[in-house]
Each structure stands twice: as structure tokens, then as C-alpha cells.
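These are the residues of each chain, in order.
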Amino acid sequence: MAQALYRKYRPKKLEDVLGQETNVQILKNAAKAGRIGQAYIFYGPRGTGKTSTARLLAKLVNCEKRRTDPKFAELGEPCNVCAACREIDAQNSFDVIEIDAASNRGIDEIRNLKENIRTAPASGGSKVYIIDEAHMLTGAAWNALLKTLEEPPKHAVIVLATTEYEKLPPTITSRAQRFIFKKLTKEAIVKKLATEAKAEKIKIEEPALELIAAIAEGSVRDAESLLDQIASLGGTIALADVERITGRTGLAKIAEFAALILKKDLPASLAYLSVLNEEGGNPVQFTKDLIHYLRKVLSLKLNPELKKIFERELTRDEAEIMQELGKIADVAFLVAFEKALIRAYSEMRYSPFAATPLEIALVEILKS
Ligand SMILES: Nc1ncnc2c1ncn2[C@@H]1O[C@H](COP(=O)(O)OP(=O)(O)O)[C@@H](O)[C@H]1O
Ligand SMILES: [Mg+2]
Ligand SMILES: [Zn+2]
């Protein structure tokens, strides 16, 4: 099987890490000045670049070109061609140790780390320990790690990556530099996917990419994995293919349906649902998507400033359409409808007639 997209397109330089500009800037400056710290916490949702950036840090401290060529070191990027860089990329460097705290809560690993960290690195650079899912470490493991963090050997860097910062003990967090990784915007993900699709000769239409990016909810890795899966269909991938495979509905369709409701067109709304059903759409997921959609319509109506925030997960056109839809109905109607949908959603999850609660909600709210 071909190499997974998310591995093949892992950022090779700090410049490739998208959407984390502040982190990139700080790390690059530290690298330029030769002042990379010894303890870092990378915190944020999955698939936003924590592991990638930790490996970049490992390359920055171990790159042979950086260590021997001061002019090059001033650029603050790894060379990606020296043996050290290549070994780290291939994940077979003796000096970069990745520990998955989720697999066995890390007690043996931290014990090993404590012994292993004392010995000098094989290459003469630094040893870099990347502890993934760090929030899963047990109390005993934290205690063991704390001693090391208090006085790390000069040749060691420790990176703790986590999705749950609150679960790290304060004794640990106070000894490390914290970097927050943010979800990527839908637009940034679409752009990266489009570049990869082009390079891989995957033919895919823009709305299909947009739905993949929306489903990924800010995680580049999730988006890349989904694209991988869908690309195996071959041919030109259209929105309908993504809808069929994921059971999700593109935002354009949800907007279309929302417009029918807000115009209080009951016959057309019911017809729309029956077509959705026939096409094998998932009414539970559809209702959920609709709830999220109308929530944004309502919020935008009440506070147009929110558009800037919503544009992280919507394209500009999509945000505009939402705003326009908000003008059709009044706030009371939107609230009543949202309530009816939430009720329908909780009913349909246990109902053998999944689509019915949604239809009933439509009838009730549009007839009253
Ligand atoms: N900020 C980003 N910029 C570009 N690609 C990214 C970014 N974050 C994640 N990716 C993509 O997702 C893959 C997994 O990222 P990773 O760094 O392992 O995420 P995390 O550790 O935060 O879960 C990468 O190989 C890359 O293809
Ligand atoms: Mg990771
Ligand atoms: Zn190098």
C-alpha cells in the first residue's frame, strides 16, 4: 500500500507547520539564537501538529549542518539532508525517543527514560524525548519525571504532547514552556488537501474537499486520512461520493434545507427529507448538522461580529449565506425551531423510525 498521506506530507520544516504562526515564530527564533529550551509542553487538539513540531525540534537540535555551519544555523530550520535529519524523519534515530503514555501509562518508560537520559547522545547532538498523550501518565510516572525535569542533563530536551493540559500536574507545567496548538481553519485544510491531491493526481471537486475539511473539524490528520480513504474510489471524486461514504451532508445542502424551513415551506421541506431518505442519507446526523447550522444562523443574527470566528470553520461564502438566512426569520422562530430539533434529535436516537421525529418536529413548528 502507498504511504499514508498524513505521513508523506508531515511538515519537514517549521515553515510547513500551518496555522500555528506564533509557535513557529518563537521556535524559529529560539533555533536561530541557539537557545532551544529543555522542557516543552505542546498542548492542543489531535492532528494539529504537536508530534510533527516535536520532531522538528529534534531535527533543529541535531541537524549536522546546523551544528557545523553557523550561517546555516541562523536560518532556524533543519537541513533535511544530513544523516541526523534523515534518521529523525525515518523515525530511526537513537537520540529521539518517542514514548506513548497512553499504551501503558508510562511507568516502565519513564524509568527507562531516567536511566537512558544520563548517557550522552549517540550523535553528539541532543537527546529528545517526546512523550505523547502525556496526560495519561500515572502519579508514579510523574514523580519519576519530575526529578528529571528539575535538573535535566544539558544534552536533553523533553517534549510533552497532550490534548488535556488540565490533567498535567502543576509541578510539571511550571517547569516547561507551554505552546498551544490550535485547530486549523477549514480554508487552511482545504488548501493543504488540494495541494496533496494535485501532487498525488487525485481528482476531486472543491465541494468534496470542503466537506472533508468540515468533517475533520480542524484536524489536518483526520482530513488527510479521510481523503486517503475516499481517494481509493478512483475516478473524479464529487461531493456526492463524500456524502455517501461519510453519511454526512455538505453544508450547501443543509443551507438549502434551512432556507425552506425559514421560509416556512412545509411541503417542500418534507419533500426534501424524503429525497434525503431515499438517497440513503442519515437523518440523525442530518439533524445534528442542522442543529449546529441553525445555532450559527441564530448567533450571527444576534451578533454579526461572530462571523470572524465562524469563518475559521466555514468558507466566506458559507458564512455569508448563514447571515442572509438569519434575515428571513425572527429570533423567536429560530429559538423555537432549535428547541424542536434538539428534542427530535434525542428522540430519534432511540427510535426505530429514525426520520420520523424530525418530520414531526417540522410539521409541528411550521404549522403553529
Ligand atoms: N499544523 C499543521 N500543518 C500542516 N500539517 C499538519 C499540521 N498538523 C497536522 N498536520 C498533518 O497531520 C499529520 C499528523 O500531525 P501530528 O503532528 O502528528 O498531529 P498531533 O501530534 O497534533 O496529533 C501530519 O503528518 C501532517 O500531515
Ligand atoms: Mg501526536
Ligand atoms: Zn540536517
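Residues numbered from 1 in each chain as written. Chains lettered and ligands numbered in written order. Predicted model: local features only at pLDDT ≥ 70, side-chain atom pairs only at ≥ 80, totals over all residues.

### Description of the domain arrangement of the protein chain
Stage number 1. Segmenting the protein chain into domains produces domain 1 (5–180), domain 2 (186–246) and domain 3 (251–367).
Stage number 2. The distance between the C-alpha centroids of domain 1 and domain 3 comes to 44 Å. (Domains from an automatic or database assignment.)

### Some words on the pairing of strand β1 (residues 39–43)
Stage number 1. In terms of burial, β1 is a largely internal element, five of the five residues being buried.
Stage number 2. Of the two faces of β1, the one carrying Ala-39, Ile-41 and Tyr-43 and the one carrying Tyr-40 and Phe-42 are both buried.
Stage number 3. Strand direction decides the pairing type here: β1 and strand β4 (residues 156–162), joined by five bridges, are parallel. Note that in β4 the partner of Ala-39 across the bridge is Ile-158.
Stage number 4. Where β1 meets strand β5 (residues 177–180), four bridges bridge the pair, whose relative direction is parallel. Across the sheet, residue Ile-41 finds its bridge partner in β5, namely Arg-178. (Buried ≥ 20, exposed ≤ 12 C-beta atoms within 10 Å, placed from the backbone. Helix = DSSP H or I, 4+ residues; strand = E, 2+ residues; numbered from the N terminus. Pairing = 2+ DSSP bridges.)

### Comments concerning helix α8 (residues 107–116)
Stage number 1. Every buried residue of α8 is accounted for by Glu-109, Ile-110 and Leu-113. Angular distribution of buried residues about the axis of α8 spans 95°; they occupy a single face of the element. Of the residues in α8, the exposed ones pointing more than 90 degrees away from the buried face are Asp-108 and Glu-115. (Arc of directions from axis to C-beta.)

### Some thoughts on the site of ligand 1
Stage number 1. If you check the shell around ligand 1, you find 20 residues, and the closest are Arg-10, Gly-49, Lys-50, Thr-51 and Ser-52.
Stage number 2. Elements supplying a minimum of two residues to the shell around ligand 1: α3 (50–62) and α13 (220–231).
Stage number 3. Looking at the shell around ligand 1 residue by residue, the classes come out as eight nonpolar, seven polar and five charged.
Stage number 4. Residue-level mapping places the shell around ligand 1 at the junction of two domains, with at least three residues from each of domain 1 (5–180) and domain 2 (186–246). (Near = placed C-beta within 6 Å. Nonpolar A, V, L, I, M, F, W, Y, C, P; charged D, E, K, R; others polar.)

### With respect to the sheet that holds β1
Stage number 1. In spatial order, the strands read β2-β3-β4-β1-β5; together these five strands make up an open sheet with parallel pairing. Both edges of this open sheet fall to β2 (96–100) and β5, since each of them pairs with a single strand only. Geometrically, the sheet is characterised by an average inter-axis angle of 15° between neighbouring strands, direction not taken into account.
Stage number 2. Across the sheet, α3 is in contact with β1, β2, β3 (127–132) and β4; its angle to β4 comes to roughly 170°. (Axes fitted to C-alpha atoms, helices over the stretch in contact; angles between N-to-C directions. Contact = placed C-beta atoms within 7 Å.)

### Some remarks on helix α17 (residues 283–302)
In an α-helix, one full turn covers 3.6 residues, which means residues spaced three or four apart are oriented alike.
Stage number 1. An ideal rise of 1.5 Å per residue puts 28 Å on 20 residues; α17 measures up with 28 Å between its terminal C-alpha atoms.
Stage number 2. In the core, the buried residues of α17 are packed alongside α15 (251–262), α16 (266–278), α18 (307–310), α19 (316–328), α20 (331–348) and α21 (356–367). (Expected span 1.5 Å × (residues − 1).)

### Concerning the nonpolar core
Stage number 1. Grouped together as the largest cluster of nonpolar side chains are 41 residues, with contacts concentrated most on Phe-42, Leu-57, Val-128, Tyr-129, Ile-131 and Val-159.
Stage number 2. The residues contacting Val-159, other than those within four sequence positions of it, are Tyr-40, Phe-42, Ala-54, Leu-57, Val-128, Tyr-129, Ile-130 and Ile-131.
Stage number 3. By size, the runner-up hydrophobic cluster in this structure holds 26 residues, among which are Phe-257, Ala-329, Ala-340 and Leu-341. (Core = buried A, V, L, I, M, F, W, Y, C linked by C-beta atoms within 7 Å.)

### A look at the pairing of β3
Every regular strand shows the same layout, with side chains that alternate between the two sheet faces.
Stage number 1. By the criterion of burial, β3 is predominantly enclosed, with six of the six residues buried.
Stage number 2. Side chains of β3 alternate between two faces, with Lys-127, Tyr-129 and Ile-131 and Val-128, Ile-130 and Asp-132 buried alike.
Stage number 3. Here β2 pairs with β3 via five bridges, running parallel. Its bridge partner being in β3, Val-96 is matched across the sheet by Val-128.
Stage number 4. Pairing geometry for β3 and β4, over five bridges, is parallel. Residue pairing across strands places Tyr-129 opposite Ile-158, the latter belonging to β4.
Stage number 5. The parallel pair β3 and β4 is bridged by helix α9 (residues 139–150), and the resulting crossover is right-handed. (Right-handed = clockwise from strand over helix to strand, strands pointing away.)

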